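Chain by chain, the residues run as shown.
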Amino acid sequence: MEREAATSPNENGQESDAAAIRRHPALFRAIRRRQNPRLRRSDITVTDEAAVKRAVKAASLGNAMEWFDFGIYAYLAGTIGRVFFPSGSDTAQLLSSFATFAVAFLVRPLGGMVFGPMGDKIGRKKVLALTMILMAIGTAAIGLIPSYDSIGFWAPVLLILFRLLQGFSTGGEYGGASTFIAEYAPDKRRGFFGSFLELGTLAGYTGAASLVTALTAWLGSDTMDAWGWRIPFLVAAPLGIVGIYLRLKLDDTPAFLQLQESNVHISEAATAVETTARGDLAKIFRTHWRMLILCIALVGAYNITDYMLLSYMPTYLSDELHYSESHGLMILVATMVLLMLIINQVGRLSDRFGRKPLLMAGMIGFFVLSAPAFVLVREGSLLAVSAGMLMLGLSLVCLLGTMSAALPAMFPTNVRYGSLSVGYNLSASLFGGTTPLVITALISVTGSDMMPAYYAMAAALVGVVAVACMKETAQQPLEGSPPSVQTDEEAAEIVEAQAPTPKF
C-alpha cells in the first residue's frame with residue numbers, strides 16, 4: 001500500500017517510486033544532474049564589445065537602407081501616382097500608389113519563409129548580405145523605369161515587379177537583423193544594443209524624408225514629376241554596396257556558431273536530419289504556433305501605429321489638411337530626429353525594468369492619446385500639429401526601442417531566424433503595408449478624417465492584450481543558447497552560483 005500511495009512524476013513524466021528516491025538520494029541526484037548538467041565556464045559566451053559594435057553597425061545600416069527605400073516610396077506617393085497612374089482623380093491616383101506600396105508586403109511572408117529557414121541552416125550573415133543585394137537591385141531599378149507617358153501600361157507593371165522584389169528581399173531582413181544583434185549582444189544589454197536597429201529605421205525614414213523635402217524645395221513639383229523623383233531611388237544603390245561590404249566582413253553570431261559546433265560529433269545522417277529540421281517550416285508552425293500567433297498580434301499592433309505615423313502622416317497632412325508636401329515632411333523629420341535622440345535610452349530602460357512595462361506604456365499611449373493627438377493635428381497650426389505628432393511619437397518610441405530585443409527572445413536559437421521572419425512578415429503583410437491604403441479608403445468611405453486615430457486605437461487594444469500574454473525576457477539568456485555576458489568575472493559568478501552549498 002505504501003508503494004502504491006507514494007508515487008509521483010519524475011523529470012521525464014514517468015511514474016517513479018518516492019520510497020526508492022528516499023532510499024537512494026545520491027543516485028537520483030546524479031540522474032537529475034545528468035539530465036540538467038550545470039553550466040561550465042566554457043559554455044558561457046563572453047562577448048567582444050568591438051565585435052558587438054561591428055555587428056550592430058552592419059545590421060542597423062541594412063535596416064536603415066530598407067526603411068530609406070520604403071520611406072522614399074511613401075513620401076513620393078503623390079508623385080508616383082501622377083507618374084505611373086495618370087488617369088483618374090487625385091484620390092484614385094493616391095489609392096493606386098498606396099496599393100503598389102502594399103503589394104510589396106504581399107510577398108514579404110514568402111520572403112520570410114525562404115530566407116528565414118535559410119538563415120537557420122547556413123547562417124545569419126550570408127542571408128543578410130543576400131537580402132541587401134536584392135533590395136539594392138530592386139530600389140535602383142525603380143529609379144530607372146520609364147514613365148507611363150513613355151511606355152504606357154508597362155510602366156506600372158515594371159513598378160509592381162520591382163516592388164515585389166523589394167518586398168521579397170525585405171522578408172528576410174528584419175527577422176535576420178534583429179536575430180543578429182540579439183545573438184551578439186550580452187544578456188543584460190540586449191535592449192540597448194537592439195534599440196540601434198530601430199535607430200536605423202528612424203535614420204532611414206529621416207534620410208528619405210529629408211532628401212525628398214530638399215529635392216522638392218529645390219526642383220519644384222513639375223521637375224520632381226518629370227525626373228527628380230528618380231534621384232532618391234538611385235541614391236540607395238551605393239548605400240547598399242556599403243551595407244553588403246560591412247555585413248560580409250563579420251563573423252556569424254556566437255549563438256549560431258555554437259549551435260553548429262554542438263552537432264560536430266553527430267553522425268552525417270543525424271546532422272542532415274537536424275539541418276533539415278532547423279529549416280522545416282512545418283515544424284515551426286507545428287511546434288511554435290502559440291508564439292507565432294502572439295508575435296503576429298504584437299507586430300500587427302506595432303506596425304499599424306508605426307506606418308500610420310512614419311509613412312502615412314505626410315500624405316494625411318497634404319491631402320486632408322492641405323499642407324504643402326514639404327511642410328508636412330519637415331514636421332515629421334523634426335519629430336523623428338527627437339525620437340532618434342531618446343530611443344537608445346528607451347532600450348536601456350527595457351534592460352533595467354523589463355520589456356513588458358515599456359511595450360505596455362507604448363500600447364496604452366496609442367490607445368489613450370491617438371484621438372487627442374489627431375484633434376490637435378486637425379487644428380492645422382504648426383504648434384498644434386507638432387504637439388500631436390510628438391504625442392504619437394513618444395508612444396511609438398516605447399515600442400521602437402524595445403521590440404527588436406523582445407521579438408527574437410520569443411523563439412529558440414535553432415528556429416529563431418525562421419520563426420521570427422515568418423511571424424513578423426505575415427503580420428507586416430496583413431497590417432503594416434496596408435495601413436496607408438486602409439486609412440485612405442476609410443477616410444474616403446466615411447468622410448471622417450479621424451479614422452487614422454480610430455484605427456491606431458484598435459491596433460493598440462490588440463497590442464495591450466498581446467503584451468499581457470508575453471513572457472518577460474529582459475536580462476535572461478536567449479532560449480536555446482547559454483548565457484552571454486560582458487566579462488570573465490560575470491561568467492565566473494554564474495558558474496559559482498550553481499555550485500552546491502557545502503553541508504557540515
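All of the points below concern the structure found in this document. (Residues numbered from 1 in each chain as written. Predicted model: local features only at pLDDT ≥ 70, side-chain atom pairs only at ≥ 80, totals over all residues. Heavy atoms only, no water.)

This part takes up the overall build of the protein. Scanning the protein for helices and strands turns up 24 helices and four strands. Counting over 504 residues, the protein shows a buried share of 54%. Carbon together with sulfur atoms contributes 64% to the accessible area of the protein, which is approximately 21300 Å² in total. (Helix = DSSP H or I, 4+ residues; strand = E, 2+ residues; numbered from the N terminus. Buried < 20%, exposed > 50% of the residue type's maximum accessible area, 1.4 Å probe, protein only. Areas by Shrake-Rupley, 256 points an atom, 1.4 Å probe, with all protein chains shown as cover.)

Residues Val337, Leu338, Leu341, Leu390 and Leu394 make up a contiguous nonpolar surface patch of roughly 400 Å² in combined accessible area. Elements represented by at least two residues in the nonpolar patch include exactly α18 (325–353) and α20 (382–406). Counting through the fold element by element, valine 337 comes out in helix α18. (Patch = residues over 30% accessible without salt bridge, like charges linked within 9 Å, V, L, I, M, F, W, Y side chains within 5 Å. Salt bridge = Lys/Arg side-chain N within 4 Å of Asp/Glu carboxyl O.)

What follows is about the packing of aromatic side chains. One pass over the full model with this rule turns up nine aromatic pairs. With a centroid separation of 5.4 Å and 75° between ring planes, the pair formed by phenylalanine 84 and tryptophan 229 is classed as edge-to-face. Taken together, the residues span a long stretch of sequence, with phenylalanine 84 in helix α5 (residues 77–84) and tryptophan 229 in the loop between α12 (190–228) and α13 (230–248) at a distance of 145 residues. Taken individually, phenylalanine 84 and tryptophan 229 each receive the classification buried, so the pair is uniform in this respect. Joined through ring pairs, the aromatic side chains of Phe84, Trp229 and Phe233 make up one cluster. Lying across the ring of phenylalanine 192, arginine 348 places its NZ or CZ 4.2 Å from the centre. (Phe/Tyr/Trp six-rings, centres within 6.5 Å; stacked < 30°, edge-to-face > 60°. Lys NZ or Arg CZ within 6 Å of the ring centre and 35° of its normal.)

Inspection of the secondary structure puts proline 232 in helix α13. The contact partners of proline 232, leaving out residues within four places of it in the chain, are Phe68, Ile72, Leu76, Leu211, Val212 and Leu215. (Contact = heavy atoms within 4.5 Å.)

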